[in-house]
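Listed here are the chains, written in short residue letters.
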Amino acid sequence: VTVSALPGFQLHIPINEIWSIKPEGNLGLTHDFTNDENIIMGVIGAKTLATRRDGEGWELRWGLGVRLAGEYQLKDNESEGFAILETGLDYRRDTGFEVLERKVNVGAYVVAQSFNPVWELTDTPLGDSEVHSMVELGLSMGLKQPRKIFGIRIERVRVGYKYGDGFKGWTFGSRFPF
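This text gives an overview of the structure that appears in the document.

Conventions used here
Residues numbered from 1 in each chain as written. Predicted model: local features only at pLDDT ≥ 70, side-chain atom pairs only at ≥ 80, totals over all residues. Heavy atoms only, no water. Helix = DSSP H or I, 4+ residues; strand = E, 2+ residues; numbered from the N terminus. Contact = heavy atoms within 4.5 Å. Pairing = 2+ DSSP bridges. Buried < 20%, exposed > 50% of the residue type's maximum accessible area, 1.4 Å probe, protein only.

### Thoughts on the environment of Val3
Thought 1: Its place among the elements puts Val3 in strand β1 (residues 2-5).
Thought 2: Separated by 30 residues in the primary sequence, Val3 and Phe33 have C-alpha atoms spaced 8.2 Å apart.
Thought 3: Excluding anything up to four places from it in sequence, Val3 contacts Leu29, Thr30, His31 and Phe33.

Dropping the structure here:
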């Protein structure tokens with residue numbers, strides 16, 4: 001059982017009508033109650049997103065990402081790092097319905113991730129994770145124009161099933177991860 005806070009930033013830089021690039025970074029702290037351990041975590045990377053729309057009410061998004069992630073366990077004085085390579089597709093279709101006076105669309109998505117160990121300066125690997133790749137399949141529903149409810153910007157909700165290398169679990173989120 002853990003509790004985490006991982007605040008960060010993401011910049012959205014449009015390249016043209018289709019492509020955008022999104023540099024991002026996070027730095028935070030986790031407490032692992034099982035091992036009574038505090039962990040400092042950090043992530044830095046970039047993602048790209050291509051969005052294709054037509055006049056028929058559909059949208060296709062393709063994302064690519066590369067991130068470096070690391071953690072340092074304060075009590076055990078251990079560190080671990082890895083690179084994440086990922087890609088995903090998101091297909092959205094207008095429904096003709098409205099919620100909160102906004103047009104609604106539904107979607108389906110797939111995201112594939114590969115986790116690769118990072119090498120230290122001494123050319124020795126930093127730990128070897130049991131998880132090397134994951135796939136997430138999911139469904140989403142969103143508003144064509146975001147709406148604020150209680151000060152929170154609501155644009156999209158999604159539910160997915162993530163699996164890979166002995167891991168299985170449900171995910172919940174608010175947007176396509178790219």
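Text resumes after the structure shown.
### Regarding the pairing of strand β4 (residues 19-32)
Thought 1: Two strands pair when backbone bridges link them, and β1 and β4 are joined in this way by 4 bridges, in the antiparallel orientation. Bridge pairing links Ala5 to Leu29 in β4.
Thought 2: Summarising the sheet, strand β3 (residues 13-14) and β4 pair through 2 bridges and their orientation is antiparallel. Bridge pairing in β4 links Ile13 to Ile21.
Thought 3: Linking β3 to β4, which pair antiparallel, is a turn of 4 residues.
Thought 4: Relative to strand β5 (residues 37-53), β4 runs antiparallel, the two being bridged by 14 bridges. The residue of β5 that forms the bridge with Trp19 is Ala50.
Thought 5: What sits between β4 and β5 in their antiparallel hairpin is a turn of 4 residues, with Asp36 showing a positive phi close to 50 degrees.

### Comments concerning unusual backbone geometry
Thought 1: Of note in the backbone geometry, Asp36 takes a positive phi value of approximately 50 degrees without being a glycine.
Thought 2: The topology assignment puts Asp36 in the loop between β4 and β5.
Thought 3: Since its relative accessible area comes to 49%, Asp36 is described here as partly exposed.
Thought 4: Residue Asp165 is not a glycine yet carries a positive backbone phi of 45 degrees.
Thought 5: Tracing the chain through its elements places Asp165 in the loop between β10 (152-164) and β11 (167-173).
Thought 6: In this structure Asp165 comes out as partly exposed when scored by relative accessible area, which is 39%.

Limitation: the analysis is restricted to geometry and does not speak to function.
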